[in-house]
Amino acid sequence: MNGHEVPQRVHRLLFVGIVVYFGLFALGMLTESPLAIFAAEVVFGMIAVGLGAMLYQQSGGDVSVELGAAVCLVVGGLVQFGFLATGSAALSQLSSLAVFAGIGLYIYAVYVA
């Protein structure tokens, strides 16, 4: 982690977003509410893009594993919005895979690199 420091309020906002996502996801699964599930999917995309932007800022734009994680997360979040607009199952899977890759790269950057 050699880039710029991210303000503490950004970390808190992302944390709150993750809590809201899991709350909406649980609500949607328990009540089978399409609105809650849709809201959870929107928040998922926002979190992915937000985390990606945060990692990009931390990387300073230098080519690194952290930058790769940022790109994967932003792409995954944007593809998630494409899924929400089209309902394409392929886009849903692609979004999940991109976000999973981004999180994996981030874990690698933190614990190995």
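All of these numbers come straight from a predicted model, not from anything done at the bench.

Draft legend 1. How the structure looks around the side chain of Q80. On the secondary structure map, Q80 appears in helix α3 (residues 65-86). According to the relative accessible area criterion, Q80 is buried, its value standing at 1%. In terms of polar contacts, Q80 uses its side chain to reach the side chain of S95, at 3.1 Å. The contact partners of Q80, leaving out residues within four places of it in the chain, are E41, F44, G45 and S95.

Draft legend 2. Focus on a nonpolar patch on the surface. Side chains of I103, I107, Y108, V110, Y111 and V112 sit close together on the surface and give an oily, nonpolar patch of about 610 Å² of accessible area. Note that I103 resides in helix α4 (residues 89-111). On the basis of relative accessibility, which here comes to 41%, the residue I103 falls in the partly exposed class.

Draft legend 3. Structural context of the UniProt feature "transmembrane region" (unreviewed entry) in the chain. Cross-referencing UniProt, the feature "transmembrane region" (unreviewed entry) maps to residues 12-30, 36-56, 63-84 and 90-111 in the present numbering. A distance of 27 Å separates the end C-alpha atoms of residues 12-30, which is 100% helix and 0% strand. As a span, residues 63-84 carries 91% helix and 0% strand, and end to end its C-alpha atoms are 31 Å apart.

Draft legend 4. Broad picture of the packing of helix α1 (residues 8-31) against helix α2 (residues 34-59). Running from N to C, α1 and α2 point in directions that differ by 155°, and their axes come no closer than 9 Å. The orientation of α1 relative to α2 falls into the category roughly antiparallel. Along this stretch, α1 crosses α2, giving a crossing that reads as left-handed. Listed contacts from α2 to V10, H11, L14, G17, I18, V20, Y21, L24, F25, L27, G28 and M29 of α1 are A36, I37, A39, A40, V43, F44, I47, G50, L51, M54 and Q58. A breakdown of the residues in the contact of α1 with α2 according to their chemical character gives 18 nonpolar, five polar and no charged.

Analysis parameters
- Residues numbered from 1 in each chain as written.
- Predicted model: local features only at pLDDT ≥ 70, side-chain atom pairs only at ≥ 80, totals over all residues.
- Heavy atoms only, no water.
- Helix = DSSP H or I, 4+ residues; strand = E, 2+ residues; numbered from the N terminus.
- Buried < 20%, exposed > 50% of the residue type's maximum accessible area, 1.4 Å probe, protein only.
- Polar contact = N/O pair within 3.5 Å; in protein donor to acceptor, adjacent residues only side chain to side chain.
- Contact = heavy atoms within 4.5 Å.
- Patch = residues over 30% accessible without salt bridge, like charges linked within 9 Å, V, L, I, M, F, W, Y side chains within 5 Å.
- Areas by Shrake-Rupley, 256 points an atom, 1.4 Å probe, with all protein chains shown as cover.
- Salt bridge = Lys/Arg side-chain N within 4 Å of Asp/Glu carboxyl O.
- UniProt positions renumbered as here; feature names shortened; annotations may be inferred.
- Axes fitted to C-alpha atoms, helices over the stretch in contact; angles between N-to-C directions.
- Parallel < 35°, antiparallel > 145°, perpendicular 65-115°, else oblique.
- Left-handed = near helix turned anticlockwise from the far one by under 90°.
- Nonpolar A, V, L, I, M, F, W, Y, C, P; charged D, E, K, R; others polar.

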